[in-house]
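This is what each chain is made of:
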Amino acid sequence: MNPIKEKSRTLENNFLPLKKMYPKSYNKDKTSPYTKTRVILMNGTEFESQWFMHNFARHCEIPEILEALAVVRRQEQQQQKRISCLKPINESILETTIAYEQLAVDLTAVLARNETDENNIKALNFALLEDFDHLYRYANLLKTDKNIDADTLVGKYTEIMPGRPTVAEHRYPADDVKPHMDAKKADLYTKLVASTITAAEQQTMNYYMNIAQWYKNDVGRRLYAEIAMIEEAHVTQYESLKDPTLTWLEQWVMHEYCECWLYYSAMQDESDEAIKKIWTEHYKMEIAHLKIAAKLLKKYENKTFEQVCGDGEFPKLLKLGGNKEYIRKVIANTIYLTADNTQSKPDYKDVKKLPDSHRYFDYQKYMSGDPERNPSHLVIKKAIERLGQDYRYQDSEHPVKDLRNRKKDNVTVARTK
């Protein structure tokens, strides 16, 4: 499938009337967990797209491009509003959060499993274990505050147990910056991976940035604030993978192509027929957006669509699903890693092998102080006190011996020497 070759409406006939911007929400008790995660992913994709175009407009003085950006951006805004309202009114902040973290875990895993670029794979696997731990922390908050078992929300497709402990994830910010790809040499799938995961993690970061103050108790508010800082680190890491030497117009074409790929993937994978119709309609809208971006790229830079997207044929489509065994292997092999940019080549290193003077330890002391007082630890401590042990959903014992104790939260793994 090549979207640039597909028929589409004209841009002027691509708007949504207001009545179509408010769809029927999904049923939170009956809808597939992966329908919920697709809603979050496509919401984040639209958010990334329209904010990219706002930034493009602020760096452009060509009237024709500015006008095209305004029209496309308004349509992207309509799509985003429509998708966001698929979330039902009776789904709580915390229930939605579980879906956010299931998306972060399973999206990251499936992208990594199909990736060939080692730099991308390392970045994905590294952050995967941190989002996996976030799911565990929020699931314990859900159990103690709402008495809801998160395994029912994730459909038992995703295990819920500790990953790299959140307390260990506070790193000096410069260490999260990674080498960027060369878009002229990179595989098309590799470029789509970086674009997709950046948008998804940014959506999670934005959600937590804006939701913390609405939670109903201090422990929950503090947990959202702490994990939001880690999501900021993840966005820093993922956006650094993208090629910054691309022009604004080349980036725009890549944004629109990525949206086409994601909507087409969602169409093929969706089990909810009403929502599948939305993905299909949005896909057709994105074809028009892609064509106008490609047309302007040709007119103002004399570059073709193919110079950005190769032959334009979609690579392997995105299919969300469980990744239990893959995640267990990543946990077993990389749990003790942290990020390190102090050497000539940025990499991920075993925390036990860092010198005592490494800035990771200084930043840890400053940010965490007493780890026993960190919100991410207090949530588990509270669950243990109330339930007798932490809340988990796991098919077998934890692959890391140090994280098997369900009556004491470990605050040293991947953090101390």
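Report on the accompanying structure. Bear in mind that the values here come from a model prediction, so they are computed numbers and not experimental data.

### Section: the overall build of the protein
Step number 1: When you go through the protein residue by residue, the secondary structure sums to 13 helices and two strands.
Step number 2: Each principal axis of the C-alpha atoms in the protein carries an extent, and together these give about 60 × 50 × 35 Å.
Step number 3: Buried residues in the protein amount to 59% of all 417 residues.
Step number 4: Put simply, of all contacts in the protein between residues at least 6 apart along the chain, 83% involve residues at least 24 apart.

### Re the pairing of strand 2 (residues 347-350)
Step number 1: Sheet topology note: the strand 1 (residues 337-340)/strand 2 ladder contains four bridges and is antiparallel. Paired with Thr338 across the two strands is Lys349, which belongs to strand 2.
Step number 2: Counted along the chain from strand 1 to the antiparallel partner strand 2, the turn is six residues long.

### Here's the deal with the packing of helix 1 (residues 33-57) against helix 2 (residues 63-84)
Step number 1: Where helix 1 meets helix 2, the closest approach of the two axes is 9 Å, and the angle between their N-to-C directions is 160°. Taken together, helix 1 and helix 2 sit at an angle that is classed as roughly antiparallel. Two packed elements cross with a definite hand, and for helix 1 against helix 2 that hand is left-handed. On helix 2, the residues touching Val39, Met42, Asn43, Glu46, Phe47, Ser49, Gln50, Met53, His54, Phe56 and Ala57 of helix 1 are Ile65, Leu66, Leu69, Val72, Arg73, Glu76, Gln77, Gln79, Gln80, Ile83 and Ser84.
Step number 2: Tallied by class, residues from the contact of helix 1 with helix 2 come to eleven nonpolar, eight polar and three charged.

### Examining the side chain of Lys191
Step number 1: One can find Lys191 in helix 6 (residues 188-211).
Step number 2: One buried charge, Lys191, has no salt-bridge partner; the nearest side chain with opposite charge is Asp243, at 8.1 Å.
Step number 3: Beyond its immediate sequence surroundings of up to four residues, Lys191 is in contact with Met181, Ala183, Ala186, Met254 and Val308.

### Some remarks on helix 3 (residues 93-113)
Step number 1: An ideal rise of 1.5 Å per residue puts 30 Å on 21 residues; helix 3 measures up with 30 Å between its terminal C-alpha atoms.
Step number 2: Extensive coverage of helix 3 is indicated by the burial of 19 of its 21 residues.

### Observations regarding the environment of His234
Step number 1: Structurally, His234 is set in helix 7 (residues 218-241).
Step number 2: Remark: the alpha-carbon pair of His234 and Ser84, spanning 150 residues in sequence, is separated by 23 Å.
Step number 3: Excluding anything up to four places from it in sequence, His234 contacts Ala127, Glu130, Asp131, His134, Arg171 and Glu201.

### So, the nonpolar core
A general tendency of soluble globular proteins is for nonpolar side chains to be buried together.
Step number 1: Judged by nonpolar contacts, the single largest core of 97 residues is most densely connected at Trp252 and Trp279.
Step number 2: For this core, the element with the most residues is helix 8 (residues 248-269), which contributes 13 residues.
Step number 3: Trp279 has contacts with Arg38, Val39, Met42, Ile83, Leu86, Tyr263, Ala266, Met267 and Glu270, leaving out every residue within four places of it along the chain.
Step number 4: Ranked by size, the runner-up nonpolar core spans 19 residues in total, among them Ile327, Val330, Val351 and Leu354.

### Side note on unusual backbone geometry
Step number 1: The phi dihedral of Asn302 is positive, around 55°, even though this residue is not glycine.
Step number 2: Along the chain, the position of Asn302 falls in the loop between helix 9 (273-301) and helix 10 (305-309).
Step number 3: Residues other than glycine seldom take positive phi values, yet Ala414 does so here, at roughly 65°.
Step number 4: Following the sequence through the fold, Ala414 ends up in the segment after helix 13 (375-387).

### Points about the pattern of salt bridges
Step number 1: Applying the stated rule across the entire model yields 27 salt bridges.
Step number 2: Put simply, Asp175 and Arg359 hold a salt bridge, and the shortest N to O gap is 2.7 Å. Taken together, the residues span a long stretch of sequence, with Asp175 in the loop between helix 5 (150-153) and helix 6 and Arg359 in helix 12 (residues 359-368) at a distance of 184 residues.
Step number 3: In this structure, Arg392 engages Asp390 in a salt bridge whose closest nitrogen and oxygen atoms are separated by 2.7 Å. For the pair Arg392 and Asp390, one class covers both residues: buried.
Step number 4: Each of Arg38, Asp269, Glu270 and Lys319 takes part in a single network of salt bridges with overlapping partners.

### Focus on helix 11 (residues 324-334)
Step number 1: Of all the residues in helix 11, the buried ones are Lys324, Ile327, Arg328, Val330, Ile331 and Thr334. Seen from one end, helix 11 has its buried residues packed into an arc of 165°, which puts them on one side. Relative to its buried face, helix 11 has exposed residues pointing more than 90 degrees away, namely Glu325, Lys329 and Asn333.
Step number 2: Lining the buried residues of helix 11 we find helix 3, helix 4 (118-146) and strand 1.

Here is what the cut-offs are and how they apply
- Residues numbered from 1 in each chain as written.
- Predicted model: local features only at pLDDT ≥ 70, side-chain atom pairs only at ≥ 80, totals over all residues.
- Heavy atoms only, no water.
- Helix = DSSP H or I, 4+ residues; strand = E, 2+ residues; numbered from the N terminus.
- Buried < 20%, exposed > 50% of the residue type's maximum accessible area, 1.4 Å probe, protein only.
- Contact = heavy atoms within 4.5 Å.
- Pairing = 2+ DSSP bridges.
- Axes fitted to C-alpha atoms, helices over the stretch in contact; angles between N-to-C directions.
- Parallel < 35°, antiparallel > 145°, perpendicular 65-115°, else oblique.
- Left-handed = near helix turned anticlockwise from the far one by under 90°.
- Nonpolar A, V, L, I, M, F, W, Y, C, P; charged D, E, K, R; others polar.
- Lys, Arg positive; Asp, Glu negative; His and termini not counted.
- Salt bridge = Lys/Arg side-chain N within 4 Å of Asp/Glu carboxyl O.
- Expected span 1.5 Å × (residues − 1).
- Core = buried A, V, L, I, M, F, W, Y, C linked by side-chain atoms within 4.5 Å.
- Arc of directions from axis to C-beta.

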